[in-house]
Amino acid sequence: MRTALVFTIVLVVLGAVTTSAFVARNPCQCSDIYKPVCGRDKQTYDNKCFMQCENVKLKHVGACGSRYEYDYNQN
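Residues numbered from 1 in each chain as written. Predicted model: local features only at pLDDT ≥ 70, side-chain atom pairs only at ≥ 80, totals over all residues. Heavy atoms only, no water.

Caption draft 1: View of unusual backbone geometry. Even without a glycine there, the phi angle at Q29 is positive, about 55°. Mapped onto the elements, Q29 comes out in the loop between α1 (2-25) and β1 (37-39). Look at K42: it is not a glycine, yet its phi comes out positive at around 65°. Relative to the elements of secondary structure, K42 occurs in the loop between β1 and β2 (44-45). (Helix = DSSP H or I, 4+ residues; strand = E, 2+ residues; numbered from the N terminus.)

Caption draft 2: Highlighting the confidence of the model for the protein chain. The predicted model of the protein chain has a mean per-residue pLDDT of 77, with 57% of residues at 70 or higher. Here α1 stands out as the least confident element of the protein chain, with mean pLDDT 59; β2 is the most confident, with 97. (pLDDT = per-residue confidence, 0-100.)

Here it is as C-alpha cells:
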C-alpha cells in the first residue's frame, strides 16, 4: 500500500512539472487550431493567438506569400 502511495505522489509531482514546463514554453495558451495568418514581420503563424503572443501585428489573413493576400493595414 505504501508503494502505491509513493508512486501516486511521484506521478502527481511529475505531472505538475510537465505542465509548468509547457506553460513556460507557451505562456499564451494558444489553441492548436490551424488558421494561418501573416504577421507584419512576414512570418506565417498557425493562428492569430500565436502571432499576438509574439507581439506582432497582422499583415493579412492566410499564410505569407499565399495567393489571396490582403493587407489589412494599407489605406
